[in-house]
2 protein chains.
Amino acid sequence: MRQRPASAMEPADLGLGDSSLHRYLDGEFWSLKNELRGLLGGCPLFRPRYDLNLDEMRTLTFQRVTFTMGLPLLKRAIQDQVERTRKFVSRSLVIGEVLSTADMATGVKCGIIYWLFGGAIRNLGGPAHVTQWLQPLQEQKYTGMFAMTERGHGSNVRGIQTEATFDFSAQEFVINTPCKDAEKMYIGNAMYGNYAAVFAQLIINGRSQGPHCFIVPVRDEHGRLHPGVTVVDMMHKEGLHGVDNGILRFDNVRIPRENLLDKFGSVAPDGQYHSPIKDKSARFNAMLAALTPSRLAVTFQAMGSMKLGLTIAIRYSHSRRQFGPKAREEVKIIEHQTQTLRLMPHLATALALTFASRYAGTLLDEDIFRGKELVSSRPLQALVAGLKAYSTWENVSCLQDCRECTGGMGYMMENQISGLKCDTDVFVTFEGDNVVMLQVVVRELLAQYTKQYEERPVSSLLRNWAESGSDRLRTSFLAFNMDTVGNLTFLLKAVHFRERILQRGLVARIYYKVMTKKEDFFRAWNSCLHHITCLSLAHIHRVTLEQFCLAVRNCPDQEDQALLKKENRPTRALVLIRWLWPAPTEAQELCLAFGGCPLCILGSPHRGPFPQDHPPCQFCLLYGTKLVFQERAWYLEHKYLTPMTSMRIRRQLLHLCDSVKDDALRVISAFNISHASLHAPIAGLANPKAAWVLYPAPQHSLAWERARSPRPKLRAKL
Amino acid sequence: MRQRPASAMEPADLGLGDSSLHRYLDGEFWSLKNELRGLLGGCPLFRPRYDLNLDEMRTLTFQRVTFTMGLPLLKRAIQDQVERTRKFVSRSLVIGEVLSTADMATGVKCGIIYWLFGGAIRNLGGPAHVTQWLQPLQEQKYTGMFAMTERGHGSNVRGIQTEATFDFSAQEFVINTPCKDAEKMYIGNAMYGNYAAVFAQLIINGRSQGPHCFIVPVRDEHGRLHPGVTVVDMMHKEGLHGVDNGILRFDNVRIPRENLLDKFGSVAPDGQYHSPIKDKSARFNAMLAALTPSRLAVTFQAMGSMKLGLTIAIRYSHSRRQFGPKAREEVKIIEHQTQTLRLMPHLATALALTFASRYAGTLLDEDIFRGKELVSSRPLQALVAGLKAYSTWENVSCLQDCRECTGGMGYMMENQISGLKCDTDVFVTFEGDNVVMLQVVVRELLAQYTKQYEERPVSSLLRNWAESGSDRLRTSFLAFNMDTVGNLTFLLKAVHFRERILQRGLVARIYYKVMTKKEDFFRAWNSCLHHITCLSLAHIHRVTLEQFCLAVRNCPDQEDQALLKKENRPTRALVLIRWLWPAPTEAQELCLAFGGCPLCILGSPHRGPFPQDHPPCQFCLLYGTKLVFQERAWYLEHKYLTPMTSMRIRRQLLHLCDSVKDDALRVISAFNISHASLHAPIAGLANPKAAWVLYPAPQHSLAWERARSPRPKLRAKL
């Protein structure tokens, strides 16, 4: 058993449980999470503060980060990264989730040091770099920052302009900011950090080898800036006030040759450049792959934020009463149809993301365990990029609804939701803008598509059509009734089918534009951007639903499984809600996908009556074949169904949301957020910083908490 | 010509224009707006600050409010309210819009004093109250607050528990807070204000006459609290840091009998209660009607916020470059399809809301001019409630997109968007929660519906069906092509039709539940809440589109009209975008409304094949008549169209957004936001508080500004 500081709090005092549902939702590392919750819960630094100015907030966050990084559990996490201990990624991800629930700014700053600075060294450096720069992070001798984004190049990082010129005589690199646009911007930890992992164009003999990453000293342990380095404080943001962002300028700063992280490109003492990857563009992609784990970390942080927001909003909704039948007690606001309709789908999403993000973490760990480089896992990179976009947007939308569903109380800082909103709002644009992330997903999907044809060039197109026959949905009027829509297998097939249709449509459009119309690729791609984002989200929805379904199926505890197997019980019902909602948007989009012609859906340039003047796209090679007409017949059959189906789906959704609203209390309880992190008076928890407000805890919730299996022996075994 | 203080800035220095488009978008009071912009622009107090703590921010806001309320222009506005000068409401509303663009907290605090405290006196008090309490506001001898919401009753204000017991012997009311739930909560200006308009149950001889409004002293001019009054500071919120919200408790505070605002209920010296409205519930509704102008003021504030956010985001999008064709200059981010798709529909909404809210203001002014009481204008109250919900939600969604479309820069406080987001987020739940507001709209729509049948009881149902024939849409496959969809008349008919279908469906459902199934009304209403919110928004969409179309048609300037008349020119095209977007949601919802059966759309309990076992709802009285089958045939005809139509609409939307993106610069320039209020570096305007960032102004924009008609003589004539 690991030593725990005296300050750690007992699970019972923090309202933590470890029932089978708690464990299943927390996952394999549930006890690690509970341990960290206990440690943070016992630390007075983490008590909520809204009354500090920017400097004070940064100072407090610095102390919180120092405390956190000093925990043996965190030191171990760094050593695990050094040694690439099995499953170290998944373990670090859940640490990040718990941290961000305790304080988002602390989570983000630890992420900068561990994932971004540490990850750059681990994934772009050699063994000597790991020993010299990563390992000492355990002793907190210094902290680091990650300097990629420039004023002129944010999303398009390939175009960065900072220069690292090799000086043969001195065996040094000269790091320089040649113009204003080359300034490093938004750099987190810029006002405190000692070293920066700086991306710069590597220039040898006047020739650029593309962007490489260098360790550059920024300030010494006393806070004195390194000569030639200028740091400008970027000051006030919407949230994350504890995170110090700044601008870095380098005026011919000299660093030793060894400070180049040289896994993908090294410079010998004689000035010779070597790289295992010859193509400059591919080389830079390999470096960008180093960002994969930190992107997944954002998903875990967004998930932590959703769980916290939902816990507060749902507890309040089960306690607060307003309006009701004449001359009778007012009803709980969760009884209002609109309240359930707004909150339950987000709860389903939080559950689904729990399993989908865990799955991505497992894949990362497996790859690393097998010694596979991140750069070689392009599908995984795409998955992580997609999850990052999906989860962070869902978080913004979830918190907005939580805020609105808690009325004026939700606007008060002590009730946490609005602070969470402000802190996590930046997630949708940092670590890769979401719209750019969705394009990463689709580039990979198209690459897979192309590869498939390269491997099976002869009858590939025909075979592809034939294959689609096998996953054709049962689509007669009768089959498309409520039972079928409520069937998980059907739903899975449906989202899969939607994805395929969108993918084929996109391929056809781009092929037509680029090959037939000879449009410039950038222009062609840009004119399909809306289609691309739809496809990307469809892909992520499918993967997320798959993982959610698997998780429901594989739930190990007999009692929980029985619960999950029953129709209309929380998780099962929530699975359905998630993919039937937000109706009508998604549900109708689904119907459109079913009902729409696979040839010309989403604006492929079909004009006039079918099929005579259909323009020559890939699929039109199949003109006149039986297959096309089968598809076409199928299409016509479907158009009849759309309005009826939408109605049914809507009715079913209302029913589902209503049926799970009480079970929701059990689900949020199993999110296992410690009462030290959950200090919203409207959630029924006292907050000394807002003594004037306290709502009663929801009664069901207390019942669930009492019913939690105590398992005292298990805890003693830790 | 009115005297202006020496500090007022000239329009040219503030980047203000007065071209015909500027004037048309600013409306009748364009010169008043420009005058106020000049006055605020010249006041150093309004320079942006992000570095103040809560107390300092409140102090600064107090100074800003004092400066503003001290302007002759504002004093005049109070005198206008006193005298009910013609068009005083519209004039005050545009003052509120300009104020909120300069500083939202100042706008909100002035609103509390002018609309809420002042409005309560004006609309609930008698002439003596107006003289005693409203008129002196001009001299700023004191300020007021509005104390309606209680801890236990926010949305359901009818249930407030504060008591005002009449003491016959002393000829006084005793204001008392009997329990914690009766505490007045979220009261704005609670930490500074001197008097409160307090809503309390009026109790005479132990019997309550329902809620009434009383003027209660809170603190004297030196800030000393009145005996028996306790104020608790509610401290930190997501935004509006300059607005001091607090909790008020009254411990048997005695006030003179004359402090009852007695328009709708008075107490004679002998303790006799008199009211022109006998029914308690109707009486309270009459008092709530006093809130109508302040709700409309929120719409103007939300609109100001949207215009400001869009101006910043669109200017940046026309300046910032990122990505582009290989080996070519990067393109402006406005060229990215997703960027235009996200921003242009919001711009259309801002334009449409400009005219719709102006229309509501005009109606209010006309009613007041004709001496009509607010309480008698229930349709107008419903319109204002609906506009409040619609505009504030649109604002939240608009600013979120502006924030995301400006990337990391949008997250920085100096670029204004994130601060605006935080300040205006509360708009969706204060002054009447939006979900409750939507129900107000539908209650009125149903009341109109019922009234219609009371007046024409015999063949009313049949006639209603017949009428629907006259506005039936041309719906054959050929007619539903791009040209038709692009036709404004068609679009107007379409949204009108959607509203009617939703309304009939709702009536049928509620009738069935309450009359046939004998369900409790609250339960029946609650189970239709989703349907109710859809209908309510459909109604507001229709009214807004109507006003927008009228405004386009009535544009007086020849040049502008020529511009507007052309297809694909900004305003015309933007009208279309707004109602085709957010596609697929709205567009598909529209199609669903077209394609869906008017009988059982949205979950009326139709089960099984039509029409044999259709349950007996209102419409089913018409079983077997030719009319139903005509409708039914029409329905079947439509289902064929849905997917094709959605595709067309989507393609048209992409085209429209693309075609207006350059014209957008001209539209935002005509929003006429002063450069003193627009200090976002990403908009190309220097901000001394963030010297480290400045982007170039968009070139087109500069061209537009240069092209602004100088009209120097007009200004001299003011």
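What follows concerns the overall build of chain A. Helices and strands together make up the secondary structure of chain A, namely 27 helices and 11 strands. When each of the 718 residues of chain A is scored for burial, the buried share is 66%. Looking at chain A alone, contacts between residues at least 24 apart form 74% of all its contacts between residues at least 6 apart. Summed over its atoms, the accessible surface of chain A is roughly 25,700 Å², and 55% of this surface lies on carbon and sulfur atoms.

Bringing helix α11 (residues 378-405) of chain B into the picture now. All names here are of chain B. A rise of 1.5 Å per residue sets the reference length of α11, with its 28 residues, at 40 Å; its end C-alpha atoms lie 40 Å apart and thus fit the reference within 8%. For α11, a buried count of 24 out of 28 residues is recorded, marking the element as mostly surrounded by other parts of the structure. The first or second residue beyond α11 is Gly407, which carries a positive phi of 60 degrees.

Trans peptide bonds make up most of the peptide bonds, and negative phi angles are found at most residues other than glycine. Despite not being glycine, A:Phe323 shows a phi value in the positive range, around 65 degrees. Mapped onto the secondary structure, A:Phe323 falls in the loop between α9 (292-317) and α10 (337-369). For B:Ala327, which is not glycine, the phi torsion reads 60 degrees and is therefore positive. With respect to the helices and strands, the residue B:Ala327 is situated in the loop between α9 (292-317) and α10 (337-369). The exposed category is assigned to B:Ala327, whose relative accessible area is 85%.

Our focus in this paragraph is the pairing of strand β6 (residues 207-217) of chain B. Strand residues, when the strand is regular, have side chains that alternate between the two faces of the sheet. All names here are of chain B. Burial analysis of β6 places 9 of its 11 residues in the buried class, which makes it a mostly covered element. Summarising the sheet, strand β5 (residues 195-204) and β6 pair through 9 bridges and their orientation is antiparallel. Bridge pairing in β6 places Ala200 opposite His212. Linking two consecutive strands that pair antiparallel, namely β5 and β6, is a turn of 2 residues; a positive phi of about 50 degrees is found at Asn205 within it.

Residues and elements named next belong to chain A. Packing of helix α6 (residues 104-124) against α9 leaves a shortest axis separation of 10 Å and a crossing angle of 165 degrees. When the axes of α6 and α9 are compared, the pair comes out roughly antiparallel. When the axes of α6 and α9 are compared, the crossing they make is right-handed. Counting all contacts with α6, which are made through Met104, Gly107, Val108, Trp115 and Leu116, the residues of α9 involved are Pro293, Ser294, Ala297, Gln301 and Ser305. Its residues placed into classes, the contact of α6 with α9 shows 6 nonpolar, 4 polar and no charged.

Both strand β2 (residues 163-167) of chain A and strand β3 (residues 172-176) of chain A contribute to a ladder of 5 bridges, which runs antiparallel. If you follow A:Thr165 over to β3(A), its bridge partner there is A:Val174.

Turning next to the packing of α9(B) against helix α25 (residues 663-670) of chain B. Residues and elements named next belong to chain B. Close contact between α9 and α25 brings their axes to 10 Å; oriented N to C, the two are set at 145 degrees. Seen along the crossing, α9 lies across α25 with a hand that is left-handed. Between α9, through Leu310, Thr311, Ile314 and Arg315, and α25, the contact on the second element is made entirely by Ala664, Leu665 and Ile668. Classifying every residue of the contact of α9 with α25 by side-chain character gives 5 nonpolar, 1 polar and 1 charged.

Grouped together as the largest cluster of nonpolar side chains are 138 residues, with contacts concentrated most on B:Leu124, B:Ile314, B:Met344, B:Leu347 and B:Phe671. Sequence-distant contacts of B:Phe671, defined by excluding residues within four places in its chain, comprise B:Leu25, B:Asp26, B:Arg37, B:Lys307, B:Thr311, B:Leu347, B:Ala350 and B:Leu351. In this structure, A:Cys43, A:Phe146, A:Ile160 and A:Leu364 belong to the second largest nonpolar core, which totals 137 residues.

On to the environment of B:Ala105, then. All names here are of chain B. With respect to the helices and strands, Ala105 occurs in helix α6 (residues 104-124). Ala105 sits in the buried class, given a relative accessible area of 4%. C-alpha of Ala105 to C-alpha of Arg58: the two residues are 47 residues apart in sequence and 9.2 Å apart in space. Aside from chain neighbours lying at most four places away, what touches Ala105 is Thr61, Leu240, Gly242 and Val243.

Inspection of every chain in the model, using the stated rule, returns 64 salt bridges over all chains. Of the charged contacts, one joins B:Asp244 and B:Lys109 as a salt bridge, the two residues approaching to 2.6 Å between their closest N and O atoms. Placement of B:Asp244 in the loop between β7 (229-233) and β8 (245-250) and of B:Lys109 in helix α6 is noted, with a sequence separation of 135 residues between them. You can call B:Asp244 buried: its relative accessible area is 0%. Residue B:Glu258 pairs with B:Arg257 through a salt bridge whose shortest N-O separation is 3.6 Å. Taken together, the shared-partner salt bridges connect A:Asp26, A:Lys33, A:Arg37, A:Glu97 and A:Lys307 into one network.

It is worth spelling out the environment of B:Arg378 at this point. Residues and elements named next belong to chain B. Relative to the helices and strands, Arg378 resides in helix α11. In contact with Arg378, other than residues within four places in its own chain, are Glu444 and Ala447. A distance of 3.1 Å separates polar atoms of two side chains, one belonging to Arg378 and the other to Glu444.

This brings us to the side chain of B:Thr392. The topology assignment puts B:Thr392 in helix α11. Within polar-contact distance, the side chain of B:Thr392 engages the backbone oxygen of B:Lys388 at 2.7 Å.

All names here are of chain B. Read from one edge to the other, the open sheet built from 3 strands follows the order β4-β8-β7, with strand pairing classed as antiparallel. The open sheet has two edge strands, β4 (184-188) and β7, and neither has a second partner. Ignoring strand direction, the axes of neighbouring strands in this sheet form an average angle of 35 degrees. Relative to β8, β4 runs antiparallel, the two sharing 3 bridges. Paired with Lys184 across the strands is Leu248, a residue of β8.

What counts and what doesn't
- Residues numbered from 1 in each chain as written.
- Chains lettered and ligands numbered in written order.
- Predicted model: local features only at pLDDT ≥ 70, side-chain atom pairs only at ≥ 80, totals over all residues.
- Heavy atoms only, no water.
- Helix = DSSP H or I, 4+ residues; strand = E, 2+ residues; numbered from the N terminus.
- Buried < 20%, exposed > 50% of the residue type's maximum accessible area, 1.4 Å probe, protein only.
- Contact = heavy atoms within 4.5 Å.
- Areas by Shrake-Rupley, 256 points an atom, 1.4 Å probe, with all protein chains shown as cover.
- Expected span 1.5 Å × (residues − 1).
- Pairing = 2+ DSSP bridges.
- Axes fitted to C-alpha atoms, helices over the stretch in contact; angles between N-to-C directions.
- Parallel < 35°, antiparallel > 145°, perpendicular 65-115°, else oblique.
- Left-handed = near helix turned anticlockwise from the far one by under 90°.
- Nonpolar A, V, L, I, M, F, W, Y, C, P; charged D, E, K, R; others polar.
- Core = buried A, V, L, I, M, F, W, Y, C linked by side-chain atoms within 4.5 Å.
- Salt bridge = Lys/Arg side-chain N within 4 Å of Asp/Glu carboxyl O.
- Polar contact = N/O pair within 3.5 Å; in protein donor to acceptor, adjacent residues only side chain to side chain.

Just distances and angles here, no functional claims.
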